[in-house]
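# Observations on chain architecture
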Amino acid sequence: MPSTDDLKQRIEAAIPGANAQVIDLTGGGDHFRAEVVAPEFAGMSRIEQHRRVYAVFGTDIGGPIHALSLVTKAE
Amino acid sequence: MSTTNPIRDEISKAISEHEVILFMKGRPEQPMCGFSARTVAALDALGTSYAAVDVLPDPRIRQELSAISNWPTIPQLFVNGQLVGGCDIVTEMYESGELAQTLGIVPPSEAPEDAPVASEPGAPPLQIKNNLA
């Protein structure tokens, strides 16, 4: 079961300079919310920013991670 | 486009034929997931009409939809054939006014400023029998 720290580390490892705050929405280890700030989001649309974060987790989204709610910002 | 994948073809056709179409879990009058419910609530608050597709009856709908849209989660809102986003983006865009703009409508005066909080998803409440009484 993924933890908020797992998610935070995976996001920050995959996206250079990213800062991620992750909370577990239900306490069940499968519905998360992440706020991600990353320099590379500058100039990307919201859709592209969210795709970038979802891509970090690949098929884990919809698998062990049932839901990942996102707020993304360039700074 | 290949025609060997009828489900994918049907989804593409639905997206191109409907100006506003929402792929969701459950139906607008009975969403089966909080994120779908929230998205429906935002659209309903703007009084916009939209087509809705329930992805739950067949797991292949969701699989093919995500392959088309390059977006892993449900709900997914499309306007004029373009993916607008899921619950988070739709909610953010509702609050910034961009959603009404994208839909080409003027928000009704009674539309709340913050995205409306959806009522609970429509799954029936668990009935727990109390044997301790």
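What counts and what doesn't
- Residues numbered from 1 in each chain as written.
- Chains lettered and ligands numbered in written order.
- Predicted model: local features only at pLDDT ≥ 70, side-chain atom pairs only at ≥ 80, totals over all residues.
- Heavy atoms only, no water.
- Salt bridge = Lys/Arg side-chain N within 4 Å of Asp/Glu carboxyl O.
- Buried < 20%, exposed > 50% of the residue type's maximum accessible area, 1.4 Å probe, protein only.
- Contact = heavy atoms within 4.5 Å.
- Helix = DSSP H or I, 4+ residues; strand = E, 2+ residues; numbered from the N terminus.
- Nonpolar A, V, L, I, M, F, W, Y, C, P; charged D, E, K, R; others polar.
- Expected span 1.5 Å × (residues − 1).
- Pairing = 2+ DSSP bridges.
- Axes fitted to C-alpha atoms, helices over the stretch in contact; angles between N-to-C directions.
- Phe/Tyr/Trp six-rings, centres within 6.5 Å; stacked < 30°, edge-to-face > 60°.

### Observations concerning the pattern of salt bridges
Throughout the structure, instances matching the rule amount to 8 salt bridges over all chains. One salt bridge connects Asp58(B) with Arg60(B), and the closest N-O pair in it is separated by 2.8 Å. With a relative accessible area of 47%, Arg60(B) lands in the partly exposed category. Connected through salt bridges with shared partners, the residues Arg46(A), Glu92(B) and Glu98(B) form a single ionic network.

### Brief notes about the interface of chain B and chain A
Each partner contributes residues to the interface: chain B has 15 residues there, and chain A has 15 residues. The interface formed by chain B and chain A includes 2 salt bridges. Notably, a salt bridge pairs Arg46(A) with Glu98(B), separated by 2.8 Å at the nearest N-O pair. Contributing elements (two or more residues each) for the side of chain B that touches chain A: helix H3 (59-69), strand S6 (82-85) and helix H4 (87-96) of chain B. With 4 residues, the top contributor of residues to the side of chain B that touches chain A is H4(B). Broken down by class, the residue content of the side of chain B that touches chain A amounts to 7 nonpolar, 4 polar and 4 charged.

### Section: helix H2 (residues 46-57) of chain A
Residues three or four positions apart in an α-helix share a direction because the helix packs 3.6 residues into each turn. Its 12 residues give H2(A) an end-to-end C-alpha distance of 18 Å, which sits within 8% of 16 Å, the value for a rise of 1.5 Å per residue. In this structure, the buried side of H2(A) is in contact with helix H1 (4-14), strand S2 (31-37) and strand S3 (67-73) of chain A together with S6 and H4 of chain B. Of the residues one or two after H2(A), Gly58(A) is the one with positive phi, at around 50°.

### Details of the environment of Ala51(B)
Note on placement: Ala51(B) falls in strand S4 (residues 51-54). Note: C-alpha distance between Ala51(B) and Leu22(B) (29 residues apart in sequence) is 6.2 Å.

### Looking at the sheet that holds strand S5 (residues 76-79) of chain B
Residues and elements named next belong to chain B. With respect to topology, 4 strands assemble into an open sheet ordered S4-S1-S5-S6, the strand pairing being mixed. Looking at the sheet topology across the chains shown, the edges are occupied by S4 and S6. Averaged over neighbouring strand pairs, the angle between their axes works out to 25° when direction is ignored. Strand direction decides the pairing type here: strand S1 (residues 20-24) and S5, joined by 4 bridges, are antiparallel. The residue of S5 that forms the bridge with Leu 22 is Leu 77. Sheet strands in contact with helix H2 (residues 34-45) are S1 and S5, and its direction is about 160° off that of S1.

### Considering the packing of aromatic side chains
Residue and element names in this part refer to chain B. Scanning all chains against the criterion turns up 2 aromatic pairs over all chains. Between the aromatic rings of Phe 23 and Phe 78, the centroid separation amounts to 5.8 Å while the plane-to-plane angle is 80°, which identifies the pairing as edge-to-face. Taken together, the residues Phe 23 in strand S1 and Phe 78 in strand S5 connect sequence positions 55 residues apart. On the accessibility criterion, Phe 78 (3% relative accessible area) is buried.

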